[in-house]
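Each chain is listed here by its residues.
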Amino acid sequence: MLANLFRPTVKADVSWSAYDPRWYQSIGGATAGSGPAIVPDDAMSIATVYRAVNVLAHAVASVPLVVYEQDGENKERARDHAAYGLLHDQPNPFMTSWRWRHLLMTQAVLWGNHYSEIIPGIGGVGSLVPLSPETTRIVDQTRDGRLVYITQDKGVNGYGAERRLIQDEVLHIRGFSIDGKSGVPITTMARTAMGLALSAEKHGAMFMQKGARLSGVLTTPVPMKEDVRKENEAAWQRQYGGANNAGGTPVLTGGLEYKPISSSNKDSQWLEAREFQVQELLRFIGVPGVLVGHADKTATFASAEQFFQSFVDHSVMPWTENITAELNNSVIVGAPNNFCGFILDGLKKGDIKTRYDSYTAAINSGFMSRNEARAKENMNSGPEELDVFLQPLNMAQAGQEPEPLEQPEPAEVEEVEEDTRVALLVSRASERIARKESAAVEGAGSKMGAAKRFSEDPEKWGEWLAKFYGGLADEVAHSLGITEAEARGYCDAQVARLTLGVPQGFMEDSEAGLRACGANHG
């Protein structure tokens, strides 16, 4: 097999039919030991292959593919990047992103290669147009190591003239590869398994076509002339051959005797062989049997979620990593802070109770905000207070002892002086409002702050400040117990300060200013 893979590339005659076995042998196809050459169209006629390839293609096509911008340790969706709409919505004028990715996966699994021509556009890549894997191949390398491709466009009148493309002009997604340049078609690697599956299926069809009866011979002790033998054979086939004549009772004369010479399907374990081929083909493609309707004895409702998780981790994720690596290398170019990626969260969701329990644990532990949990459930963000990370009262930094909670007795509460009570309320309200300001202005968690969103547009930044602090004044007045004029004075001072930029220690300064407002009023 390895000698077959590394033999010199044969340039196929374009006059061959697309179904001609020689064409597929020239790009890695091979003749099966149990039958004729296996081509991708034949492979897809096998129910197991058809379903397994579609399961993989549907999984990759159904999850979002987005472009990100890296900002330190955080990342945000780069919706303004030229490639965002290309990959997320429509890579070319006649295909959606879903359809393009489904085709990409189908070709990469079956042919071992997917090719899309990179068409330049305004600001970068304009479109990604699929090329036929039947007529595209690597023919050379430039001195600097870039690959050279030859392709032929397929039209209504056949194949057009050959075109040469350089590596920079082609998005090439490879499946399993031995040389690192071209993928190996699965029809080559699994040709014997596929050939056996096709042969078993053909055997079953022929068996039923013959009326589900065993083949045999008619014997006679009397010598028979050739013309008489042929006449008897033809008469037998007319009378008893085929499914339409099944069940008839022959009357044998002249010493003729019928003797079966083939074993039954039960004796040859035909059904067992077909079931084994299902498992064999699934091993090649990497899809659990439960996803293709195969009655796997190890699959139960209790274990189904683990099968799905294993499918995502060991089948889908290697493909998505492969695809994004090629996209980042060929499409997301000239922007070191940008990269693309698949969002696989939708494939990893458990049942609703498991998800909500995990959100509760994450929120209470302080490493996920409530708005982040809402985003994972495809909900819109709630109030900005939900961007604040919660911290359990009994938690502290590593190596430090948590501060003990003071639990005064009811009698002691009554003895607390009024000014101390007011100061405590003002302190808590100031801290809460300052956190809200910081989350809105500077951002919190994965949510980008307004200062960054409008960093390139001072006019919109000013409009946002006026709107945000205009709505905050009432909350400041109510929470601190100060007049509306005093609250507006604080908000106006914040707008004037932030118009010049966000200073260091913004949240701490805001909290101090709020406490001062509350203390002065008191």
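Up top is the structure these notes are about.
So, a few notes on the structure that sits alongside this text. Since the structure is predicted, the reported quantities are computational estimates derived from the model, not experimental observations.

Counting secondary structure elements, the chain contains 20 helices and 15 strands. With 522 residues in all, the chain has 36% of them scored as buried. Taking the intrachain contacts of the chain between residues at least 6 apart in sequence as the baseline, contacts between residues at least 24 apart amount to 60%. Accessible area of the chain: about 30,500 Å², with a carbon and sulfur share of 54%.

On to the pattern of salt bridges. In this structure the tally under the stated criterion is 17 salt bridges. Across the pair Arg-432 and Glu-475 runs a salt bridge whose closest N-O atoms are separated by 2.8 Å. In this pair, Arg-432 sits in helix H16 (residues 418-442) while Glu-475 sits in helix H18 (residues 458-480), placing the two residues 43 residues apart along the sequence. For Arg-497, the salt bridge is made with Asp-509, and the minimal N-O distance between the two is 3.7 Å.

Of all five residues in strand S10 (residues 170-174), five are buried; the element is thus mostly enclosed. Burial along S10 is two-sided: Val-170, His-172 and Arg-174 facing one way and Leu-171 and Ile-173 facing the other are all buried. Relative to S10, strand S5 (residues 113-121) is paired through five bridges, and the arrangement is antiparallel. Among the inter-strand pairings, Asn-113 is bridged to a residue of S10, identified as Arg-174.

Moving on: the sheet that holds strand S9 (residues 158-166). Ordered in space as S7-S8-S9, the three strands form an open sheet in which the pairing is antiparallel. In this open sheet, the two strands that pair with only one neighbour each are strand S7 (137-141) and S9. The average undirected angle you get between the axes of adjacent strands in this sheet is 25°. Here S7 pairs with strand S8 (residues 147-155) via four bridges, running antiparallel. Considered in S8, the bridge of Asp-140 is made with Val-148.

At a minimum axis separation of 8 Å, helix H4 (residues 47-62) and helix H6 (residues 97-110) run at an interaxial angle of 140°. Relative to H6, the element H4 lies oblique. Along this stretch, H4 crosses H6, giving a crossing that reads as right-handed. In contact with Val-49, Val-53, Asn-54, Leu-56, Ala-57, His-58, Val-60, Ala-61 and Ser-62 of H4, H6 contributes Trp-98, Arg-101, His-102, Met-105, Thr-106, Val-109 and Leu-110.

Turning our attention to a nonpolar patch on the surface. Taken together, Ile-352, Tyr-356 and Met-379 make up a surface patch of nonpolar side chains, about 280 Å² in accessible area. With respect to the element layout, Tyr-356 can be found in helix H13 (residues 352-365). On the basis of relative accessibility, which here comes to 37%, the residue Tyr-356 falls in the partly exposed class.

Bringing the packing of aromatic side chains into the picture now. Throughout the structure, instances matching the rule amount to six aromatic pairs. Taking 6.2 Å as the distance between ring centres and 35° as the angle between the ring planes, the aromatic pair formed by Tyr-356 and Tyr-359 counts as tilted. Of this pair, Tyr-356 and Tyr-359 both sit in helix H13, three residues apart, roughly one helical turn. Ring centres of Trp-461 and Trp-464 lie 5.7 Å apart, and the angle between their planes is 5°; on these two criteria the pair is classed as stacked. Here Trp-461 pairs with Trp-464, and both are found in helix H18, just three residues apart, close to one helical turn.

Cut-off values and rules
- Residues numbered from 1 in each chain as written.
- Predicted model: local features only at pLDDT ≥ 70, side-chain atom pairs only at ≥ 80, totals over all residues.
- Heavy atoms only, no water.
- Helix = DSSP H or I, 4+ residues; strand = E, 2+ residues; numbered from the N terminus.
- Buried < 20%, exposed > 50% of the residue type's maximum accessible area, 1.4 Å probe, protein only.
- Contact = heavy atoms within 4.5 Å.
- Areas by Shrake-Rupley, 256 points an atom, 1.4 Å probe, with all protein chains shown as cover.
- Salt bridge = Lys/Arg side-chain N within 4 Å of Asp/Glu carboxyl O.
- Pairing = 2+ DSSP bridges.
- Axes fitted to C-alpha atoms, helices over the stretch in contact; angles between N-to-C directions.
- Parallel < 35°, antiparallel > 145°, perpendicular 65-115°, else oblique.
- Left-handed = near helix turned anticlockwise from the far one by under 90°.
- Patch = residues over 30% accessible without salt bridge, like charges linked within 9 Å, V, L, I, M, F, W, Y side chains within 5 Å.
- Phe/Tyr/Trp six-rings, centres within 6.5 Å; stacked < 30°, edge-to-face > 60°.

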